[in-house]
Amino acid sequence: KNASDADSIYILALCLSKLGETEKAIQVGKKLINRRGTCEDFIFMCRLYNSIHKFKKAEESARKATERNPRSITAWNSLSVNLNCLNQFDQAVMASKKIIELRGSAEDWFHLSVLYGSNGKNEEAIKAAQIALDINGSHIKSWKSLVINWGALSRKEEEAEARENLSILCGSHEDWYQLSL
């Protein structure tokens, strides 16, 4: 009965959020937390808070999610994103490095590269993108990160080389469209 009640509460909160009733969804979501309080429930609350730019509440929910399941990639990613929104760069990097410790995919290194680059740490962004490319040399978004970060450092030769590799990998209009997203 408890699981069924919690599932019903979750569905109601989800429906409210889809209808644009985020504040109401949060109120219902708080009941979900009190009833069940799983990692996934806290991630859900984090996303609700984030959607209305309540980044501190989102960060608190993400942190609770990581406490409930320290191996949840989604929880650590949510924490990193919201810490960055709160201008807590060093902590956001630590959360991203936890994801790398847990999984270490090219995509994870790419996200760390973006975090560094968006905070003006272009050298670190380049290093992270290069590690991503060591894992997967065809990781298009990491090549794009190199183009952006070499460009930010006015390193035209390296930027041109990265741009050339990117153009080789992006053979279709669809590839270029995906890059723009």
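Before any of the text, the structure's been laid out above.
It should be emphasised that the depicted structure is a prediction, and the values quoted were computed from it without experimental measurement.

### Focus on the overall build of the chain
Working step 1: Within the chain one finds eleven helices and zero strands.
Working step 2: When the helices and strands of the chain are read in sequence order from the N terminus, they spell out α-α-α-α-α-α-α-α-α-α-α.
Working step 3: Each principal axis of the C-alpha atoms in the chain carries an extent, and together these give about 60 × 35 × 25 Å.
Working step 4: Within the chain, the proportion of its 181 residues that are buried is 41%.
Working step 5: By element, 51% of the accessible surface of the chain is carried by carbon and sulfur atoms, the whole surface being about 10,200 Å².
Working step 6: Where the 25 positive side-chain charges of the chain centre and where its 23 negative ones centre are 10 Å apart.

### Regarding the nonpolar core
Considering soluble globular proteins, one finds that nonpolar side chains tend to be buried as a cluster.
Working step 1: In this structure, L112 and Y116 are the most contacted members of the largest nonpolar core, which totals 40 residues.
Working step 2: Among the elements that make up this core, the one with the highest residue count is helix 3 (residues 39-51) (eight residues).
Working step 3: The contacts of Y116, once residues within four sequence positions are left out, are F89, V93, K97, K121, E124, A125 and A128.
Working step 4: I126, L133, W143 and C170 belong to the second largest nonpolar core, which has ten residues in total.

### Examining the side chain of S96
Working step 1: Within the secondary structure layout, S96 lies in helix 6 (residues 89-102).
Working step 2: Residues within four places of S96 in sequence aside, it is in contact with S80, L112 and L115.

### Structural notes on the state of the cysteines
Working step 1: The tally for this structure, following the rule as stated, stands at zero disulfides.
Working step 2: Left without a disulfide partner, C39 is nearest to the cysteine sulfur of C46, which lies 10 Å away.
Working step 3: We note that C85 lacks a disulfide partner, and the nearest cysteine sulfur, in C46, lies 9.4 Å from it.

### Brief notes about the pattern of salt bridges
Working step 1: Applying the stated rule across the entire model yields 14 salt bridges.
Working step 2: A salt bridge links R163 to E159; the nearest nitrogen and oxygen atoms lie 2.8 Å apart. Here R163 and its partner E159 are both found in helix 10 (residues 156-169), four residues apart, which amounts to about one turn of the helix.
Working step 3: For E159, a relative accessible area of 13% gives the class buried.
Working step 4: One network of salt bridges, in which partners are shared, links D7, R36 and D41.

### So, the packing of helix 8 (residues 122-135) against helix 9 (residues 140-152)
Working step 1: Viewed as axis vectors pointing N to C, helix 8 and helix 9 meet at an angle of 155°, and their least axial separation amounts to 9 Å. Considering the angle they form, helix 8 stands roughly antiparallel to helix 9. Crossing handedness for the pair helix 8 and helix 9: left-handed. Counting all contacts with helix 8, which are made through N122, A125, I126, A129, Q130, A132 and L133, the residues of helix 9 involved are S142, W143, S145, L146, N149, W150 and A152.
Working step 2: Looking at the contact of helix 8 with helix 9 residue by residue, the classes come out as nine nonpolar, five polar and no charged.

### Some remarks on the environment of R71
Working step 1: Among the structural elements, R71 can be located in the loop between helix 4 (55-68) and helix 5 (73-85).
Working step 2: Taking C-alpha positions, R71 is 25 Å from K141, a pair spaced 70 residues apart along the chain.

### Details of a positive patch on the surface
Working step 1: On the surface, K30, K57, K64 and R68 cluster together into a positively charged patch.
Working step 2: For the positive patch, the leading source of residues is helix 4, giving three residues.
Working step 3: Tracing the backbone shows K64 in helix 4.
Working step 4: Taking the relative accessible area as the measure of exposure, K64 reaches 39% and is therefore partly exposed.

The rules behind the values
- Counting from 1, residues in each chain are numbered in the order their sequence is written.
- Given that this is a predicted model, residues contribute local features only at a pLDDT of at least 70 and side-chain atom pairs are listed and counted only at 80 or more, while totals for whole chains, interfaces and linings are drawn from all residues.
- The side-chain figures draw on all heavy atoms in the structure; neither hydrogens nor water molecules are used.
- Note on conventions: DSSP H or I runs of at least 4 residues are helices, E runs of at least 2 residues are strands, and numbering of each starts at the N terminus.
- Relative accessibility thresholds used throughout: buried, under 20% of the residue-type maximum; exposed, over 50%; partly exposed, between the two (1.4 Å probe, protein chains only).
- All accessibility values rest on the Shrake-Rupley procedure with a 1.4 Å probe; residue burial counts only the protein chains present in the view.
- Charge counting follows a simple rule: Lys and Arg are positive, Asp and Glu are negative, and His as well as the terminal groups are ignored.
- A charge is said to be at NZ when it belongs to Lys, at CZ for Arg, at CG for Asp and at CD for Glu.
- Buried Ala, Val, Leu, Ile, Met, Phe, Trp, Tyr and Cys residues form a nonpolar core when they are joined through side-chain atoms within 4.5 Å.
- A contact between two residues is defined here by any heavy atoms of the two lying within 4.5 Å.
- Cysteine sulfur atoms are paired as a disulfide whenever they come within 2.5 Å of each other.
- We define a salt bridge as a side-chain nitrogen of Lys or Arg found within 4 Å of a carboxyl oxygen belonging to Asp or Glu.
- Here an angle of 0 to 180 degrees is reported between the N-to-C directions of two axes, which are lines fitted to C-alpha atoms, with helices fitted over the stretch in contact.
- Throughout, the term roughly parallel applies to angles under 35 degrees, roughly antiparallel to angles over 145, roughly perpendicular to angles from 65 to 115, and oblique to all others.
- Note on convention: the crossing is left-handed when the near helix lies turned anticlockwise from the far helix by less than a right angle, right-handed when the turn is clockwise.
- Asp, Glu, Lys and Arg are counted as charged, while Ala, Val, Leu, Ile, Met, Phe, Trp, Tyr, Cys and Pro are counted as nonpolar; the rest, among them Gly, fall into the polar class.
- A residue counts toward a patch only above 30% relative accessible area and without a salt bridge, and it is joined to like-charged neighbours within 9 Å or, for Val, Leu, Ile, Met, Phe, Trp and Tyr, to nonpolar neighbours within 5 Å.

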